[in-house]
Structures are given as C-alpha cells and as structure tokens.
Amino acid sequence: MDGAATEEAGIGFRVLVFALLALACGHMLSTLLRTIPAISLDLMASDFGTSPQALASLTSIYHFSFAASQVPVGAAMDRFGVRPVSLSLLTGTVVGTLVSALATGPASFVLGQFLLGVATSGMLMCPMTLAAKQMSAAKFGLWSGMILSIGNIGMLLSSSPLAFVVDRFGWRAGFWISAGFGVAVLIAVFALVPRQPAAQADESSPLDQMTEVLRLGLSRGLRGLIALSLVSLGASLTLRGLWAGPWLMDVKSLSRIEAGNLLGLFTLAMIVGPTCIGMLDRRFGHRRTMVAATHGLAALLLALMAAGAPHFPVSHLFGVTVMPSSYDLVLLILIGLATSAQPLIYGMTRQLVDAKNTGKALSAINLAFFLGAALLQSTTAGVAALFGLPAVLLYMAGALVIGTVLFWLYTSTVVAVR
C-alpha cells in the first residue's frame, strides 16, 4: 500500500496510534517474559535441582516454538486480520505465564516455555503488520522503530525491578506479575484495536499460505535479510536475556541488584536506539549501509567485552586482573545502540513485497530472527559449559560477522534495497 493515507484504509490516525500502542504493549510483555531467566536463572535451577547451564539450554524451547509459530501466525494475520489473532495470542500468553509460575521441575518449566513461545510469537508482528498495511514505506521505518522501543521496555522491567522482586519474593513472582500485566493488555487490545477484515481477500488454503511464508523467506530478494536476521536479534536477546546476568555476577562479581542496574542501562539503550535509528533512516537514508555497519560494530564490541575477562588481552593491556564493570557497562550500552538497526530490516522487507504478502513476509523475517535466537541460545549453552562465558561472547561476535558479510553480498544485487 505505497503512499496510501491512513484514512484510505478505513482507520483514523488517532485510532491507529492507540491500536498500535495497545499491541506494542503485547510485545513489551513478550520481551519481559523471555528475559526473566537472565536475572533468576540460578534460583530457578536450584529449585528444579538442575544446573544453570542445563536450564539455559532448556530455555531455547521458547525461541524454537516462537520461531516455528511465525509461519501459521503470519498466514493467519493476512487471512483473518490483526485483532482476532492478537486476542487469541494474548489469551494463550496468560495461560503460559500461569503454567510457568506453577512449574515444579524442568519438565513443567519446558511446558511453560513452549506455551509462551507459541503464544507470544505474534506479539511483535501484530503491530508491525497493522503499521505496514496502514502506512507508507517511509513512515513505517519510523514506526517500526517506535514499536520495538516500546516493546523493549519489557526488558527494562526485567532488570532492576525484577531483580528486586526476585530478591524479595522469589522468581515465581515475576511470572505472577506478568500474568496480571497480560490480562491488562488483553483488555486494552479488545477495547482499542478496531475490527477490520483482512486487507486482501485470499482464498488459498491455510497450508498454501504457510508455504508462501517459507517461499518468501527463501526467495532471492529476501535471502540477505534472512541471513542477517538469523544472527541479529539472536545475539542481542541471547546476551540480554541469558548471559549478561551471569557474566556480570559470575565473572565481574556483582550482586543481583548491581547486575540488574547495569542490565537496566543496557536495556535503556535498546529502548532509545530503535526510534533514533528510525529517525536517522528517514532523514538520511543509506539503509543497507547502516544495517551492515551497525552489526559489524556490534560484533567488535562483543569481542572487546570478552577480551576484558580475567587474564584476557584487554585486562593485560591495562595491567589489571579483570576489567571493571564500568568497562562492560559502556560496551553494553554501545551494543544496545548498535543492534537497534534491526527495525531497518523490517523496513527493507516492507519495500520488497506487495500489500497482500506483507504479513507473511514480515513473519518470514521474524521466523529467521527467533529461529536464530533459539539456535544461538541452545548452542551457547554448550559453549559456556565447555569453554566459559568469554567464549560465548566471541561465538556470538563470529556469528554476527558471518551474517553481516552474507547480508552485504546478497543485498548488493537487489535493486529495490538501498
């Protein structure tokens, strides 16, 4: 729907804004839920009678189920519209949160993670699809950044505030509070998101529509974006949602509250970054170059963080046993800003597909985002067990380098992408 005004699509601008805000709160809930283990992994492992590394590996079921659900969710949004899909997913999220709060061991914890992965799989795509179908490509770049910024507030809630809750009331309290938040978002979406038929009539079968999601993802035009998506969000989520907390507490000897404070500042950068990147993109362009440069920078920053571990090169260079936590704080903030170019990948995708395939194409990208997160999260658990946390950071840095190179090579031949 290139250049079409919002009114032409049947939704007034004010109604659209409130609808997007309500749906973005669903994404905020999703980011809160997926990052709870970062601040409470040790306590959960102790309660379940398993090791933190083993439990970290089990958390990858969230991302695997999340990624697998992108295919049917993307097809459903194009077929039925955003409102019914979002209401169904939010109901499932509340159920999955309650199952997680009541988990008594690894098996029930995995069940909760699986349910949450499926139910939160469309929390980002719902506002993204609504914005993509109601706005021009230029406006969508800015709004996609704002949606991600609002969603990343969930990770801010899972830093110092969650650390306080966990210290006072235990790790289950985080899930109970999230369940209440989920009910509130469900009510907001029901009240604020208008009823709308699917933008394009599509008489094909659900199986054909799901196949189309995969076909779009493997198409030549989207291949470079898929390659980078497989490592982009995975690196930032695996760092923020899993390993940053243990790194600060185990390697840098910070308390849970102190680690939560640093994670909060890291998250603030992830909140501010997408909107800032969206504004820069709208003003200056050069979208492809910005995406490649920021991801290359993120890889370098992860390597520098690893090099500040005890007896590693940067620590030797400064003549200390280990670099102070202030060093990590600076790097975490810069990583949060650098990885904020992810909304531009959605914007590039929006430029390459027609309106009737918008939901499916965005879901193909989201599938790559969270499949990559699942793969990185599960494989880094093994890397941590065998080689330690510095190796985890270097592993993620290497993955970012590979993804960035493939992105640059494939997108060089796509005329529609700048």
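Definitions and cut-offs
Residues numbered from 1 in each chain as written. Predicted model: local features only at pLDDT ≥ 70, side-chain atom pairs only at ≥ 80, totals over all residues. Heavy atoms only, no water. Helix = DSSP H or I, 4+ residues; strand = E, 2+ residues; numbered from the N terminus. Expected span 1.5 Å × (residues − 1). Bend = angle between axes of the 7 residues up to and from the residue. Salt bridge = Lys/Arg side-chain N within 4 Å of Asp/Glu carboxyl O. Buried < 20%, exposed > 50% of the residue type's maximum accessible area, 1.4 Å probe, protein only. Core = buried A, V, L, I, M, F, W, Y, C linked by side-chain atoms within 4.5 Å. Contact = heavy atoms within 4.5 Å. Phe/Tyr/Trp six-rings, centres within 6.5 Å; stacked < 30°, edge-to-face > 60°. Lys NZ or Arg CZ within 6 Å of the ring centre and 35° of its normal. pLDDT = per-residue confidence, 0-100.

This part takes up helix α1 (residues 13-48). The end-to-end C-alpha separation of α1 is 49 Å, in line with the 52 Å expected for 36 residues at 1.5 Å each. Of all the bends in α1, the greatest measures close to 85° and is centred on Ser-40.

Turning our eyes to something else, we now look at the pattern of salt bridges. One pass over the full model with this rule turns up 4 salt bridges. Notably, a salt bridge pairs Arg-287 with Asp-281, separated by 2.5 Å at the nearest N-O pair. Across this residue pair, the class does not change: Arg-287 and Asp-281 are buried. One continuous salt-bridge network, built from bridges that share partners, spans Asp-42, Asp-167 and Arg-256.

The next thing to look at is the environment of Val-183. Looking at the secondary structure, you find Val-183 in helix α9 (residues 172-192). Relative accessible area serves as the criterion here: at 38%, Val-183 is assigned to the partly exposed category. Spatially, the C-alpha atom of Val-183 lies 28 Å from that of Tyr-346, the residues being 163 residues apart in sequence.

Another point: the nonpolar core. Within the largest apolar cluster, 124 residues are counted, with the highest numbers of intra-cluster contacts made by Met-128, Leu-239 and Tyr-346. Looking at this core element by element, the count peaks at 16 residues for helix α11 (residues 220-251). Residues in contact with Met-128, not counting those within four places in the same chain, are Phe-140, Ser-144, Ile-147, Leu-148, Tyr-346 and Leu-362.

A separate point is unusual backbone geometry. In the Ramachandran plot, Ser-253 falls in the positive-phi region, its phi being about 60° despite a non-glycine side chain. Note that Ser-253 resides in the loop between α11 and α12 (256-284). Given a relative accessible area of 61%, Ser-253 falls into the exposed group. The phi angle at His-311 is positive, at roughly 70°, despite the residue not being glycine. As for its placement among the helices and strands, His-311 is situated in the loop between α13 (287-306) and α14 (313-317). Here His-311 falls in the exposed class, since its relative accessible area comes to 57%.

Take the environment of Ala-163 next. With respect to the element layout, Ala-163 can be found in helix α8 (residues 160-169). A relative accessible area of 0% places Ala-163 in the buried class. Considered as a pair, Ala-163 and Gly-245 are 82 residues apart in the sequence and their alpha carbons are 10 Å apart. With residues up to four places along the chain from it excluded, the contact list for Ala-163 reads Ile-39, Arg-256 and Ile-257.

Here the focus is the packing of aromatic side chains. All chains considered together, the criterion is met by 5 aromatic pairs. Taking 5.7 Å as the distance between ring centres and 50° as the angle between the ring planes, the aromatic pair formed by Phe-48 and Phe-109 counts as tilted. Taken together, the residues span a long stretch of sequence, with Phe-48 in helix α1 and Phe-109 in helix α5 (residues 106-119) at a distance of 61 residues. Both residues of the pair, Phe-48 and Phe-109, belong to the buried class. Taken together, the ring pairs connect Phe-48, Phe-109, Trp-171 and Phe-175 into an aromatic cluster. Above the ring of Phe-190, the side-chain terminus of Arg-83 is found at 4.9 Å from the ring centroid. The side chain of Arg-288 reaches across the aromatic face of Trp-408, ending 3.5 Å from its centre.

Here the focus is the confidence of the model for the protein. Averaged over the protein, the pLDDT score is 84; the fraction of residues at 70 or greater is 92%. For the protein, the element scoring lowest by mean pLDDT is helix α10 (residues 206-218), at 72; helix α18 (residues 389-411) scores highest, at 95. Contacts of residues 1-10 to residues separated by more than four positions or lying in other chains number 19 contacts, the stretch itself having pLDDT below 50.

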